[in-house]
Amino acid sequence: MSSQIDHLLTENRRFAPSPEFAADAVATADLYAQADADREGFWAEQARALHWHTPFSQVLDWSNPPFAQWFADGELNVAYNCLDRHVEAGNGDRVALLWEGEPGDERRVTYAELTDEVKRAANVLRGLGVEAGDRVAIYMPMIPEAIAAMLAVARLGAVHSVIFGGFSADSLRTRIDDAGAKVVITADGGYRKGRVSPLKPAVDQALADRGAGPQGTVEHVLVVRRTENEVGWTEGRDIWWHDAVPAASGEHEAQAFPAENPLFILYTSGTTGKPKGILHTSGGYLTQATFTNKVVHDLHPETDVFWCTADIGWITGHSYVTYGPLSNGATQVLYEGTPETPHPGRWWELVEKYGVTVLYTAPTAIRSFMKLGRQIPQQFDLSSIRLLGSVGEPINPEAWMWYREIIGADAAPIVDTWWQTETGSIMVSALPGVTETKPGSAQVPLPGIGVDVVDDQGEHVGNGNGGLLVLTQPWPSMLRGIWGDPERFVETYWEKFQNKGYYFAGDGARLDEDGDVWFLGRVDDVMNVSGHRLSTTEIESALVGNEAVAEAAVVGASDETTGQAVVAFVIVKQSYLSAHEPEGLADALRKWVGEQIGPIARPRDIYIVGELPKTRSGKIMRRLLRDVAEGREVGDTTTLADTAVMSVISAQVK
Ligand code: WT7
């Protein structure tokens, strides 16, 4: 972190928007003044860009903080806003999805076609008993049906919980059970890294493996055929999408639901082992996702080809693949596979082929392309690109400059966008065409958003100082709670700055001399690996769940490509050691974590050690382990119960 701070103090490159870009930009500087003059009026105006079946008369109800209500007496249908209204406006023939499968198969789906598919799918779900408020789990590859599934659930006023296809059966089961899902929508599999990655078998396992627990709530599994791998079938429970959806009626009138009707739950890692089901609702969420996609991505729906590379299993995929772009009537690329398959230039080939104009991706991807070398993107014509976005973790100035020069032809503005699963949409970012950008800084709160950097008492730190990032005002797409756990919601985000009424984001940040925000990473036991949030405790509990492991401590160590990497220190049980050879155990444990949580959680390194550094009260000092994992001199050990333990660990690691 300190090297990052040094960097930002010496970073003085600035990139003003070109006059041509500024002339045609969606965002204008007066948005800030408008929002400052009347914050609620500003958001009301953005909300009116949507179609309301019943207009709202009230903007924000903050009478019971931290439980906000936005546009509460208004009624809308989220799917209608993303589909029917564009068809009714005469844009049914506009392409919504330029889809490409990893093997190279293609589909172009227009707004009219997507609307038709969603209406039929909504009828199917309705027939399976799904009603407003019911939960539907979605576990799918990046195919058009995944988006249709989300919108079909939303159309019924039901609640989706998308679970990233890379999560294990075990993670899937926990999430299905926590939400009490009635239906699961999945596919036989998807293509990843040139292979079929099966999904349906994980659903079967998740639904079978219930141990001694209560019987599940899932009544039906709707299955898209994608990869044609063999799958098990439970008669009466399982239904093929291709049998049910085309046969269903294409008539479905979108019903209006209250603005605060829940739209989705999305699980994310917190500081404890149990993932949090972040709850988002309809009107405020769609307002801010639509607005930010328009102004931050400078979206011109008639001419742009937008590509957000995130999977729909993450919040970025919810807000900037499904809801923002479709609500704005944009044309976007949807790609099923991994960036390096079948060749390392695959993304750039897609940019050239589809004429992508706005690209939104993560620093970890940019850094891996950097490592592969500029000659790969330089083989393709990237001249269609006019704006670049970054999301998920701090982008170091080197990667920022490479992104600008190699991908953006030294001309495309870069927007570094800070936000979280909890915030629902972008909160801090430059406005393209307005802001002079700085490599490495996410810069300024968006119009209508209140951000500050404060000390532990909640006092503003002032320019040139570091502290904690807080959100000082409620915002339309804010989380409305943690599914089934209102206390944890209050405790996690609001208790720390209760006196001020601030939302605590869990990020360290610094204000530079201009007052621009520089993000410095998490201040809690949450790691950020390739832009994905992982909990140290969750991985520790997976490790101690293995028969060989007595104790485990996990840290996030800085990594050149992935931002942070998972490093685990493990004490093996004596009983295990007396019966087994320790050879291969670290590998077996890596695999185990992958099976328990998902491949993204697999530790990069596992060190088998004799002891862990603990304070006298028994708390593991992860800070010292991080020093070891990052190859640094070990810091102050005086508060350890046994000060010798770190030299033993350092020796064992070498
Ligand atoms: C955490 C949220 C936002 C969608 C993807 C991740 C980090 C995110 C940035 C950025 C610095 C960033 C923060 C945040 N983060 N964007 N532009 N600069 N840090 O969503 O999984 O909810 O993770 O990602 O630490 O708290 P998420």
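Residues numbered from 1 in each chain as written. Predicted model: local features only at pLDDT ≥ 70, side-chain atom pairs only at ≥ 80, totals over all residues.

## Here's the deal with the packing of helix α7 (residues 111-127) against helix α8 (residues 144-155)
The packing of two helices is summarised by the inter-axis angle and the distance between the axes. Their axes nearest at 8 Å, the elements α7 and α8 cross at an angle of 60 degrees. Classified by the angle their axes make, α7 and α8 are oblique. You can see that α7 and α8 cross each other, and the crossing is right-handed. Of α8, the residues touching α7 (which contributes Leu 114, Glu 117, Val 118, Ala 121, Ala 122 and Leu 125) are Ala 148, Ala 149, Leu 151, Ala 152, Val 153 and Arg 155. Residues of the contact of α7 with α8, tallied by class, amount to 10 nonpolar, no polar and 2 charged. (Axes fitted to C-alpha atoms, helices over the stretch in contact; angles between N-to-C directions. Helix = DSSP H or I, 4+ residues; strand = E, 2+ residues; numbered from the N terminus. Parallel < 35°, antiparallel > 145°, perpendicular 65-115°, else oblique. Left-handed = near helix turned anticlockwise from the far one by under 90°. Contact = placed C-beta atoms within 7 Å. Nonpolar A, V, L, I, M, F, W, Y, C, P; charged D, E, K, R; others polar.)

## Notes on the site of the ligand
Lining the immediate environment of the ligand, one finds 22 residues, of which Trp 418, Gln 420, Thr 421, Phe 519 and Arg 533 sit closest. Contributing elements (two or more residues each) for the shell around the ligand: α13 (315-327), β20 (414-417), β24 (503-511) and β25 (517-522). Top element by residues in the shell around the ligand is β24. It accounts for 3 residues. Residue composition of the shell around the ligand, by class: 8 nonpolar, 9 polar and 5 charged. (Near = placed C-beta within 6 Å.)

## Here's the deal with the packing of helix α18 (residues 536-544) against helix α20 (residues 585-596)
It is the contact of α18 with α20, at a shortest axis distance of 9 Å, that shows an interaxial angle of 115 degrees. Crossing geometry of α18 relative to α20 is assigned as right-handed. Taking contact as the criterion, the partners of Ile 539, Ala 542 and Leu 543 in α18 are, on α20, Leu 589, Val 593 and Gln 596. Class assignment for the residues of the contact of α18 with α20 results in 5 nonpolar, 1 polar and no charged.

## Brief notes about helix α9 (residues 169-179)
Along α9, the residues that are buried comprise Ala 169, Ser 171, Leu 172, Arg 173, Arg 175, Ile 176 and Ala 179. Tucked into the core, α9 has its buried residues touching β6 (135-139), β7 (159-162), β8 (183-187), α10 (200-208), β14 (262-268) and β15 (276-281). Just beyond α9, the residue with positive phi is Gly 180, at close to 65 degrees. (Buried ≥ 20, exposed ≤ 12 C-beta atoms within 10 Å, placed from the backbone.)

## Remarks on the sheet that holds β25
Taking strand neighbours across the sheet as the criterion, the 4 strands line up as β21-β22-β24-β25 in an open arrangement whose pairing is antiparallel. The two strands at the open ends of the sheet, each matched to only one other strand, are β21 (451-454) and β25. Taking each pair of neighbouring strands and ignoring which way they run, the sheet shows an average axis angle of 45 degrees. Note: strand β22 (residues 466-471) against β24, 5 bridges, orientation antiparallel. Within the sheet, the bridge partner assigned to Leu 468 lies in β24 and is Gly 508. (Pairing = 2+ DSSP bridges.)

## Section: the domain arrangement of the chain
Here the domain parsing of the chain yields domain 1 (38-338), domain 2 (452-522) and domain 3 (526-653). The distance between the C-alpha centroids of domain 2 and domain 3 comes to 29 Å. (Domains from an automatic or database assignment.)

## Considering the UniProt feature "domain: AMP-binding enzyme C-terminal" (unreviewed entry) in the chain
Here the UniProt-annotated "domain: AMP-binding enzyme C-terminal" (unreviewed entry) positions come out as residues 538-619. In residues 538-619, helix accounts for 30% and strand for 30%; the two terminal C-alpha atoms are 16 Å from one another. (UniProt positions renumbered as here; feature names shortened; annotations may be inferred.)

## Looking at unusual backbone geometry
Cis geometry marks the peptide bond from Pro 65 to Pro 66, where omega comes out at 5 degrees. By secondary structure assignment, the location of Pro 66 is in the loop between β1 (60-61) and β2 (69-70). With an omega of 0 degrees, the peptide bond running from Thr 341 to Pro 342 counts as cis. With respect to the helices and strands, Pro 342 occurs in the loop between β17 (331-335) and α14 (346-354). Of note, the phi angle at Asp 298 is positive, near 45 degrees, even though the residue is not glycine. Position of Asp 298 relative to the elements: it lies in the loop between α12 (283-296) and β16 (305-308). Phi is positive for Ser 530, close to 55 degrees, though the residue is something other than glycine. Residue position: Ser 530 is located in the loop between β26 (526-529) and β27 (532-535). Take Ser 530: there are 20 C-beta atoms within 10 Å of it, and that puts it in the buried class.

## Concerning the environment of Ile 414
Its place among the elements puts Ile 414 in strand β20. Taking the C-beta count within 10 Å as the criterion, Ile 414 has 22 such neighbours and is therefore assigned buried. Separated by 397 residues in sequence, Ile 414 and Pro 17 place their C-alpha atoms 9.9 Å apart. Leave out the neighbours within four places in its chain, and Ile 414 touches Leu 388, Ser 390, Trp 400, Tyr 403, Arg 404, Gly 408 and Thr 437.

## A short note on the pairing of β25
Bridge analysis of β24 against β25 gives 5 bridges, and the strand direction is antiparallel. Each bridged residue has a counterpart across the sheet, and for Ala 509 the counterpart in β25 is Phe 519. Counting the residues that bridge the hairpin from β24 to β25 gives 5 residues, and of these Gly 515 lies at a positive phi of roughly 85 degrees.

## Concerning the pairing of strand β9 (residues 189-192)
Relative to strand β10 (residues 195-198), β9 runs antiparallel, the two sharing 4 bridges. Paired with Gly 190 across the bridge in β10 is Ser 197. Counted along the chain from β9 to the antiparallel partner β10, the turn is 2 residues long, and its residue Lys 193 has a positive phi close to 50 degrees.

## Quick notes on the environment of Arg 14
Tracing the sequence through the fold places Arg 14 in the loop between α1 (2-10) and α2 (19-24). Take Arg 14: there are 10 C-beta atoms within 10 Å of it, and that puts it in the exposed class. Taking the C-alpha atoms as reference points, Arg 14 and His 242, 228 residues apart in sequence, are found 53 Å from one another. Ignoring sequence-local partners within four residues, the contact set of Arg 14 consists of Glu 436 and Lys 438.

## A short note on the sheet that holds strand β5 (residues 106-110)
Pairing is mixed across the open sheet formed by 7 strands, whose spatial order is β5-β4-β17-β16-β18-β19-β20. Only two strands of the sheet have a single neighbouring strand rather than two, namely β5 and β20. Taken over all neighbouring pairs, the strand axes of this sheet differ in orientation by 20 degrees on average, direction set aside. Of the pairings in the sheet, the one linking strand β19 (residues 387-391) to β20 comprises 4 bridges and is parallel in character. In the strand pairing of β20, Val 391 is matched with Thr 417. Packed on one face of the sheet, α7 meets β4 (95-100) and β5 and runs near 85 degrees to β5.

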